[in-house]
Amino acid sequence: MKVYLAPLEGITGWICRNAIKECFGGFDKYFVPFIKPNQKGHFSSREKKDVMPEHNIGMYTVPQILTNNVEDFLRTAEKLREYGYEEVNLNLGCPSRTVVTKGRGAGFLADPDRLDAFLDAVFSQCRLRISVKTRLGMENAEEFAELLEIYNKYPMEELIIHPRVQKDFYKNTPNLEAFAAAFENSRNPVCYNGDIFSVEDYQRFRERFPAAECIMTGRGVLADPALGRELKGGGRAEKEELRRYHDLLYAGYCEEMSGDRTILYKMKEMWSYMAPMFTNYKKYAKKIKKCEKCAAYEEVAEELFEKEELAGAGLQE
């Protein structure tokens, strides 16, 4: 089974990806949170740092592009080819209203004819391999039958399916019936994405889909950074590994970002997922949430790692 790290905007940037790889590993591909082409054709500072080859050493990295414009997609893909990339991913899954209202991400699924024309153009002209990450549609899963007919026209590297519709966001449960139909009828290799938070979740998926060869997980890795390794049959995270992971993240953010508030936002986000891995985590989570200065945060984090042990279970969503 191949295991991929999902692209989570604002979270799985290069600092996070490198920390996960160095401390735990377990992933066959690391997807870069979406690049949003602009009118000038330049990468933003964040986007450039995310795709720089020196920030992705030793990992197979796939940048994701968020656009509904053929020229923007092709121009961005060509720039990435110059960086040495061999594959890009098209984002047709982002459910954010600010994205959807512009007809991008999952919003592109509302216009199948335009999407078909877009795919025809990029697959005929792009010099990189293209994978697609998609939802089932905007309103209901029945929309996916027409979308799959379109996807089947094009030689995708793989079709990554998150079996929810846009209006679900991340609520409800993935529609495994719809995924089963897509898995059976897709002419392209299929990767499953959705609610793999533990080895038990993975095993249940494997029991239902024994022929599946690829899964993608994101939020589960935030709650348990060793999840990729565990899904490959490796060991669970040890406290010393989590401390090293934390220290790499914190040092990376301190070096790249300015201002205690910005740095602490990133660390508070990390702990909002990972804290339940520890005993008596609630009191530390409250203290961390109240921290306004890095010096105060460092004292709380030090106390947590010194006094608490692993609780034996990560966050279940």
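The preceding data block contains the structure.
The paragraphs below set out a description of the structure included in this document. All values reported here derive from a predicted model rather than from experimental measurement.

**Section: the overall build of the chain**
- Scanning the chain from terminus to terminus reveals 14 helices and eight strands.
- For 317 residues, the compact-globule estimate of 2.2 N^0.38 gives 20 Å, and the C-alpha radius of gyration of the chain, at 20 Å, lies within 12% of that figure.
- Considering only C-alpha atoms, the chain reaches an extent of 55 × 45 × 35 Å along its principal axes.
- Residues classed as buried in the chain amount to 56% of the 317 residues present.
- Long-range pairs, those at least 24 residues apart, make up 74% of the contacts in the chain with a sequence separation of at least 6.
- When the accessible surface of the chain is split by element, carbon and sulfur atoms take 48% of a total near 14800 Å².
- Each charge sign in the chain was given a centre, from 46 positive and 50 negative side chains, and these centres are 4 Å apart.

**Looking at the sheet that holds strand E1 (residues 2–5)**
- The eight strands lie next to each other as E1-E2-E3-E4-E5-E6-E7-E8, forming a closed barrel whose pairing is parallel. Taking the axes of each pair of neighbouring strands and ignoring which way they run, one obtains an average angle of 25° across the sheet.
- Pairing geometry for strand E5 (residues 129–134) and strand E6 (residues 159–161), over three bridges, is parallel. Within the sheet, the bridge partner assigned to Thr-134 lies in E6 and is Ile-161.

**What about the environment of Arg-129?**
- Turning to its location among the elements, Arg-129 is positioned in strand E5.
- Given the relative accessible area of 34%, Arg-129 is considered partly exposed.
- Separated by 24 residues in the primary sequence, Arg-129 and Lys-153 place their C-alpha atoms 15 Å from one another.
- Once residues within four sequence positions are removed from consideration, Arg-129 is found in contact with Tyr-60, Glu-86, Glu-87, Val-88 and Glu-157.

Quick notes on the rules
- Residues numbered from 1 in each chain as written.
- Predicted model: local features only at pLDDT ≥ 70, side-chain atom pairs only at ≥ 80, totals over all residues.
- Heavy atoms only, no water.
- Helix = DSSP H or I, 4+ residues; strand = E, 2+ residues; numbered from the N terminus.
- Rg over C-alpha atoms; globule rule 2.2 N^0.38 Å.
- Buried < 20%, exposed > 50% of the residue type's maximum accessible area, 1.4 Å probe, protein only.
- Contact = heavy atoms within 4.5 Å.
- Areas by Shrake-Rupley, 256 points an atom, 1.4 Å probe, with all protein chains shown as cover.
- Lys, Arg positive; Asp, Glu negative; His and termini not counted.
- Charge placed at Lys NZ, Arg CZ, Asp CG, Glu CD.
- Pairing = 2+ DSSP bridges.
- Axes fitted to C-alpha atoms, helices over the stretch in contact; angles between N-to-C directions.

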